[in-house]
Amino acid sequence: MKDIRTLSLEELIAYFEKHGEKSFRAKQVYDWIWSKNLHTFEEMTNLSKKMRTQLASDFTILPVSAHVVQHSKDGTIKNGVKLHDGLMVESVLIPTETRTTACVSSQVGCSLNCEFCATAKLKRMRNLEVAEIVDQVALIDRQSKEFFDRPLSNIVFMGMGEPMMNYPNVVETIKKITQPEGLGMSPRRITVSTSGIPKMIKMLADEELKVKLALSLHSAVEKSRNEIMPFSTKFPLTDIMEALQYWYRKTKSEITFEYCVWKGINDDEAHIKALIKYCRQVPSKVNLIQYNPIGEGKFDHRSEEAEQRYIQALEQAGITVLVRRSRGGDIDAACGQLANKNG
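Everything numeric here is computed off the predicted structure, so don't read it as measured data.

Trainee: Give me the packing of aromatic side chains: which residues, what numbers.
Mentor: Scanning the entire structure with this criterion turns up 6 aromatic pairs. Ring geometry for Y15 versus F59: centroids 5.0 Å apart, planes at 70 degrees, classification edge-to-face. With a gap of 44 residues between them, Y15 in helix α1 (residues 9-18) and F59 in strand β2 (residues 59-60) connect regions that are remote in the sequence. Clustering of aromatic rings is evident, with ring pairs tying together Y15, F16 and F59. Against the face of W32 rests K36, its NZ or CZ located 5.1 Å from the ring centre. Directly above the aromatic system of Y248 lies the positively charged group of K252, at a separation of 6.0 Å from the ring centroid.

What follows is the structure, encoded as structure tokens:
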């Protein structure tokens, strides 16, 4: 049976008109499923009993469920999310004093092979559907209200999977999240993080969604980046930069470079200079991310000295740099650690 959430508003209108109903009924149902995130037809109380029965006979709703919920000592909440076919993904609520951020997944597993990421060790099983991504957001919004007494404020596509490899569904999800008939969130509070697929970055720029873009960079030295992110041999840094410059021309939104520093890999002066040179080619800032071990001995977290050298050099070059400390590491909820260990 077809999930009613795979239908567009136009298709819903056509369905109701076929059954002799006014088009506003379709808009009522659309509001129930996308704005209120309801998962049963019986709860749609402004519809007649007959109509609810008809919908239940023609369609189904396949919601996700929080199969495992873990609470970190720092307030972070990780959800092991079960999908209708039994597969699992993970999503994370990250609280601070002023905001709560949802880190959501876009794929079951991942298509890429970044050496430092636990998710990359999983086989990509399939892309998530629009409703499955929206359900993660709605779930974390409810948790934010329950545990922190405030609604969800930000969303980052930084969970399991490469968002650009599930492009149509990620774009449609953003539209559902931001439209008034959906969750009504500001697109400026949504960040799409990519490992760098130039063609898709340009396509996203052309969508004019007003979201932010983050690039998982980790090295501006081609040889080093190819070693730690082997898939990147297909996407040279020059091609990625051309796409980022296109992004900025179209959106006027600066890029965030996500960057881990590892001992003996990218903690020397050559890598610092290469990063500065790369940043200067497009309006951007750098997030230095604390590395979260995944059991691979090859990657050893940077020293404080190496971190300070990066910060000092970037600031002297006039480049904004932020240090992003790990959250939820005690429950394997930090960046790069999502691997369905509790599925």
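Trainee: I'd like to hear about the layout of surface pockets, residue by residue, with values.
Mentor: Its boundaries defined by the atoms lining it, the second largest pocket holds a volume of some 220 Å³. For the second largest pocket, the lining is made up of 14 residues, of which R5, T6, E129, V130 and A131 are closest to its centre. Taken together, the elements giving at least two residues each to the lining of the second largest pocket come down to α4 (130-148) and α5 (167-178). The residues that make up the lining of the second largest pocket include at least three from each of domain 1 (2-60) and domain 2 (65-331).

Trainee: Kindly report on the UniProt feature "binding site: [4Fe-4S] cluster" (unreviewed entry) in the protein, identifying the contributing residues and their values.
Mentor: Taking the UniProt record as the reference, the feature "binding site: [4Fe-4S] cluster" (unreviewed entry) is found at C110, C114 and C117. On the secondary structure map, C110 appears in the loop between β7 (107-108) and β8 (126-127). Given the relative accessible area of 13%, C110 is considered buried. With respect to the helices and strands, C117 occurs in the loop between β7 and β8. A residue is classified by how much of its surface remains accessible, and C117, at 18% relative accessible area, is buried.

Trainee: Account for the pattern of salt bridges, with residues named and values stated.
Mentor: What the rule picks out here adds up to 15 salt bridges. Notably, a salt bridge pairs K36 with D31, separated by 2.4 Å at the nearest N-O pair. A relative accessible area of 44% means that K36 is categorised as partly exposed. The exposure class of D31 is partly exposed, given its relative accessible area of 25%. One salt-bridge network, held together by shared partners, links D3, R5 and D135.

Reading the values: rules and limits
- Residues numbered from 1 in each chain as written.
- Predicted model: local features only at pLDDT ≥ 70, side-chain atom pairs only at ≥ 80, totals over all residues.
- Heavy atoms only, no water.
- Phe/Tyr/Trp six-rings, centres within 6.5 Å; stacked < 30°, edge-to-face > 60°.
- Helix = DSSP H or I, 4+ residues; strand = E, 2+ residues; numbered from the N terminus.
- Lys NZ or Arg CZ within 6 Å of the ring centre and 35° of its normal.
- 1 Å grid on protein atoms, 1.4 Å probe; cavity = no way out; pocket = protein on both sides within 12 Å on 5 of 7 lines; lining within 4 Å.
- Points joined across faces, edges and corners; volume = space filled by probe spheres on them.
- Domains from an automatic or database assignment.
- UniProt positions renumbered as here; feature names shortened; annotations may be inferred.
- Buried < 20%, exposed > 50% of the residue type's maximum accessible area, 1.4 Å probe, protein only.
- Salt bridge = Lys/Arg side-chain N within 4 Å of Asp/Glu carboxyl O.

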